[in-house]
Amino acid sequence: MHSGGPQKAHRMLNTSLPRSPYAPLRCLLVSPEFPKNSFWNWSSVCKVRGEKTMGLPLGLLTLAAILPQEWQFQLVDQNTGALRDDDIRRADVICVGGMTVQQGGILDVIRKARQYGKFVAVGGTDPTSQPAIYQDADALVLGEAETNVPIWLKAWEQGSPRGVFQGGGAPDITASPVPRYDLARLKDYLYASIQSSRGCPYHCEFCSVTELFGRAPRTKTPEQVCRELGVLFDLGYRGWVDFADDNFIGNKKSVRQLLPALVDWCKRRKHPFFFSTEVSLNLAEEPELMDQMAAADFRYLFTGIESAQEEVLHAAQKPINTQHPLRQRIRRIHEHGLFVTAGFVLGFDNEPENAADSIIACAKENALPVAMVSLLTAAPLSQLTRRLAAEGRLMDSAGNLFGADQPFEMRTAERVDLVLDQTAGGLNFATARDRKAILRDQIRIIDTLYDPANFMARAIEAVARIPHAPKHKSGWSETWVDLTAFARVAVAISRQPEIRGHFWRFLGQSWKLGPGRFALAAALATIYMHFMEMRVRLLENLHRRYDGEADHQPLPLIAAETGEDATPEVAVRC
Ligand code: SF4
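Since the structure is predicted, the reported quantities are computational estimates derived from the model, not experimental observations.

Focus on the overall build of the chain
Consideration 1: Within the chain one finds 21 helices and 16 strands.
Consideration 2: Across its three principal axes, the chain shows a C-alpha extent of roughly 65 × 65 × 50 Å.
Consideration 3: When the 574 residues of the chain are sorted by exposure, 57% land in the buried category.
Consideration 4: Across the chain, every contact between residues at least 6 apart in sequence was considered, and the portion connecting residues at least 24 apart equals 79%.
Consideration 5: If you sum the accessible surface of the chain, you get close to 23,300 Å²; carbon and sulfur atoms cover 54% of it.
Consideration 6: Positive and negative side-chain charges in the chain, numbering 65 and 66 respectively, have mean positions lying 6 Å apart.

Some points on the packing of aromatic side chains
Consideration 1: Summed over all chains, the structure comprises 29 aromatic pairs.
Consideration 2: Aromatic side chains Trp240 and Tyr300 sit 5.4 Å apart centroid to centroid with 55° between the ring planes, which places their arrangement in the tilted category. With Trp240 in strand β12 (residues 239-243) and Tyr300 in strand β14 (residues 298-306), the pair connects residues that are 60 residues apart, well separated along the chain.
Consideration 3: Here Phe402 and Phe408 contribute two aromatic rings whose centre-to-centre distance is 5.3 Å and whose plane-to-plane angle is 75°, an arrangement assigned as edge-to-face.

Quick word on unusual backbone geometry
Consideration 1: In this structure, Glu306 takes a positive phi of about 70° despite not being glycine.
Consideration 2: Mapped onto the secondary structure, Glu306 falls in strand β14.
Consideration 3: The exposure class of Glu306 is buried, given its relative accessible area of 7%.

A few points about the nonpolar core
Consideration 1: With 152 residues, the main nonpolar core has Leu29, Trp152, Phe248, Phe275, Phe298, Phe506 and Phe531 as its most contacted residues.
Consideration 2: What Trp152 contacts, discounting residues up to four positions off in sequence, is Leu67, Trp71, Val93, Phe119, Ala121, Ala139, Val141, Pro161 and Phe165.

Here's the deal with the pairing of β14
Consideration 1: For β14, the tally of buried residues reaches nine of nine residues, placing the bulk of the element in the interior.
Consideration 2: Pairing of strand β13 (residues 273-278) with β14 involves four bridges; the strand directions are parallel. Its bridge partner lying in β14, Glu278 is registered against Phe302.
Consideration 3: Traced from β13 through helix α11 (residues 287-296) to β14, the parallel crossover comes out right-handed.
Consideration 4: Pairing between β14 and strand β15 (residues 339-346): six bridges, direction parallel. When the bridges of β15 are listed, Thr303 appears paired with Ala342.

Section: empty space enclosed by the protein
Consideration 1: Taken as a whole and judged by the stated rule, the model has five cavities of 30 Å³ or more.
Consideration 2: Taken as a whole, the largest cavity encloses approximately 80 Å³ of empty space.
Consideration 3: Looking at the largest cavity, it is lined by 13 residues, and the ones nearest its centre are Ser196, Ser197, Thr219, Phe248 and Ser254.
Consideration 4: Of the residues forming the lining of the largest cavity, the biggest block, three residues, is contributed by helix α10 (residues 252-268).
Consideration 5: Of the residues that constitute the lining of the largest cavity, the class distribution is four nonpolar, seven polar and two charged.

Observations concerning the confidence of the model for the chain
Consideration 1: When pLDDT is averaged across the chain, the result is 91; 93% of the residues are at 70 or more.
Consideration 2: In the predicted structure, residues 5-14 sits below a pLDDT of 50 and forms 23 contacts with residues beyond four places in sequence or in another chain.
Consideration 3: Low pLDDT (under 50) marks residues 553-574, which in the prediction has 50 contacts with non-local residues, meaning those over four places away or in another chain.

Let's talk about the pairing of strand β5 (residues 93-97)
Consideration 1: The buried fraction of β5 amounts to five of the five residues, a majority that puts the element mostly inside the structure.
Consideration 2: Burial along β5 is two-sided: the face carrying Val93, Cys95 and Gly97 and the face carrying Ile94 and Val96 are both buried.
Consideration 3: Here β5 runs beside strand β6 (residues 119-123); their pairing, made up of five bridges, is parallel. Paired with Gly97 across the bridge in β6 is Gly123.
Consideration 4: Between the parallel pair β5 and β6, the chain is carried across by helix α5 (residues 103-115), and the sense of this crossover is right-handed.

Observations concerning the packing of helix α18 (residues 476-494) against helix α19 (residues 497-511)
Consideration 1: Their axes nearest at 8 Å, the elements α18 and α19 cross at an angle of 140°. Judged by the angle between their axes, α18 and α19 are oblique. Contacts between α18 and α19 pair Phe486, Val489, Ala490, Ile493 and Ser494 from the former with Ile499, Arg500, Phe503, Trp504 and Leu507 from the latter.

Observations concerning the environment of Gly199
Consideration 1: If you trace the backbone, Gly199 turns up in the loop between β10 (197-198) and α8 (209-213).
Consideration 2: Distance in space between the C-alpha atoms of Gly199 and Leu212 is 7.8 Å, their sequence separation being 13 residues.
Consideration 3: Excluding residues within four positions of it along the chain, Gly199 makes contact with Val209, Phe213, Gly214, Pro217, Asp246 and Asn247.

Remarks on α11
Consideration 1: For α11, the full list of buried residues reads Leu289, Met290, Met293 and Ala296. Buried residues along α11 cover an arc of 125° about the axis, so they all sit on one side.
Consideration 2: The inward-facing, buried residues of α11 abut α10, β13, β14 and α13 (326-335).
Consideration 3: Once α11 finishes, Asp297 follows within two positions and takes phi at roughly 75°, a positive value.

Remarks on the sheet that holds strand β9 (residues 189-194)
The strands making up a sheet are joined through hydrogen bonds of the backbone, oriented either antiparallel or parallel.
Consideration 1: Strand order in this open sheet of seven strands is β3-β9-β12-β13-β14-β15-β16, and the pairing throughout is parallel. Of all strands in the sheet, those with a lone pairing partner are β3 (53-55) and β16 (371-375), marking the two edges. When strand polarity is set aside, the average angle formed by the axes of neighbouring strands in this sheet is 25°.
Consideration 2: Where β15 lies against β16, five bridges are found, and the strand directions are parallel. In the sheet register, Phe344 faces β16, and the bridge partner there is Val373.

Topic: the pattern of salt bridges
Consideration 1: Under the criterion given, the structure shown has 38 salt bridges.
Consideration 2: The salt bridge involving Glu144 is made with Arg218; its shortest N-O contact spans 2.8 Å. Highlighted residues: Glu144 in the loop between β7 (139-141) and α7 (145-157) and Arg218 in strand β11 (residues 218-219), separated in sequence by 74 residues.
Consideration 3: Put simply, Asp441 and Arg433 hold a salt bridge, and the shortest N to O gap is 2.8 Å. For the pair formed by Asp441 and Arg433, the shared burial category is buried.
Consideration 4: Overlapping salt bridges bring together Glu205, Asp349, Arg387, Glu391 and Arg393 as one network.

Conventions adopted
- Residues numbered from 1 in each chain as written.
- Predicted model: local features only at pLDDT ≥ 70, side-chain atom pairs only at ≥ 80, totals over all residues.
- Heavy atoms only, no water.
- Helix = DSSP H or I, 4+ residues; strand = E, 2+ residues; numbered from the N terminus.
- Buried < 20%, exposed > 50% of the residue type's maximum accessible area, 1.4 Å probe, protein only.
- Contact = heavy atoms within 4.5 Å.
- Areas by Shrake-Rupley, 256 points an atom, 1.4 Å probe, with all protein chains shown as cover.
- Lys, Arg positive; Asp, Glu negative; His and termini not counted.
- Charge placed at Lys NZ, Arg CZ, Asp CG, Glu CD.
- Phe/Tyr/Trp six-rings, centres within 6.5 Å; stacked < 30°, edge-to-face > 60°.
- Core = buried A, V, L, I, M, F, W, Y, C linked by side-chain atoms within 4.5 Å.
- Pairing = 2+ DSSP bridges.
- Right-handed = clockwise from strand over helix to strand, strands pointing away.
- 1 Å grid on protein atoms, 1.4 Å probe; cavity = no way out; pocket = protein on both sides within 12 Å on 5 of 7 lines; lining within 4 Å.
- Points joined across faces, edges and corners; volume = space filled by probe spheres on them.
- Nonpolar A, V, L, I, M, F, W, Y, C, P; charged D, E, K, R; others polar.
- pLDDT = per-residue confidence, 0-100.
- Axes fitted to C-alpha atoms, helices over the stretch in contact; angles between N-to-C directions.
- Parallel < 35°, antiparallel > 145°, perpendicular 65-115°, else oblique.
- Arc of directions from axis to C-beta.
- Salt bridge = Lys/Arg side-chain N within 4 Å of Asp/Glu carboxyl O.

Put into structure tokens, the structure is as follows:
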């Protein structure tokens, strides 16, 4: 569906395009910078390893494969290098997009394109979720690229390249082309990315995945996934590959077909890669899948535990996390040689006052050294946002409530160094619990979990539990990167008197557990570099936010509606 957007008249005059989109145009693809203050931005780890950033901009590489192949592409990832004026000057078309944390960067590229009179098209999850913010772009190509880029190109052929292009529906991703991995300098990245599925069968209230990609996960064929891996292999890439799926096991029937093919492909090439991905906790009830994941050399899994309280999980529409005891599930996953990175969320309406204690205890008891704790965020398009809008509780970044007739939008700081991710941002709504109490909890959780003694204690427990049996054997260049990174981290941490004792004791204990386990210990010791720095930065940001937070009276919503106390004492699961 093409609808002419409210484009500015001066844009129409400034930019010119050939009549056909199949002319040999120069296309600049820009991936805006991710905030430095993010839990997920392991820039210090990348730096000691000689890499520039974490994951590949997979969306733009896929887009490049969908756009006319007559075009000449240049990728500028602002996480690995600067966008120069010359890059913009040379381009005929600029494509930019990304997530909400990249919003300021996307707008900046639109501004620069306008300054040089260049045609700019935007897409990706934030423009799809809140297109009104991006009205200054020439073309807004919303939704998934496979079905909506053709709508844009067709309109362009008919003489209307400007406007809003959407409505193509959810594509069959078995027809999605291999991403143009050749456009990226692979050695700048900590890991390469691939995608085998989109969507998730669950419907957690706070998550916008199902609104964007649906509840019936669509999957690529095993041959297609292996073909994509083959392209990375042929480009000389070796090492870590992340499956950037919403939930890798969302479609179990397909993953049961994929994994044997993947194991076979990896074995035949002597395991050039090891893998990470995101899964729901019910993986623990699938021993065969876990065996196969271990056989393919999956090492790191992210899973959203969200809360240690059953009642909170039910209210957040995540009952899948309550079906079996958490302790038993994490232990089973660990026993299959899979390391778990956990996601927790603070700020739910029925969260009890002991939420911080329960999260800290849960991370400790389940040997979870890497735990991401977010402040609940009402993301555009999520069910949570719709509910909070109906209750009149959504807030803008200045803390003002949106009026009933005001459309909700989530604006981030324009400067990337001021953008906070969900670890220190979030709570963009009137909370049921006292706001300052939630922030105090978050400060205590971050301070406690990433205290060196506590982190190393959880790390040694994880190393002892996880029978790490790597299939991928690093080549000389990978080994050199790992060793030099480890040496640099060891030197940096040894200069910190309050940390070095814990660090060396942890490594000594790990060494006694055998070389396979020591490899995992060395990886954890290296990433502590990030947590050591992040703890300081995050606590600064959280304290600043806490000090600036106006006293907030808890809304009487829950008490009024249920007749119960707004913060009931509930059982701690794990
Ligand atoms: S399981 Fe994960 S991806 Fe699926 S809806 Fe819940 S939070 Fe979103």
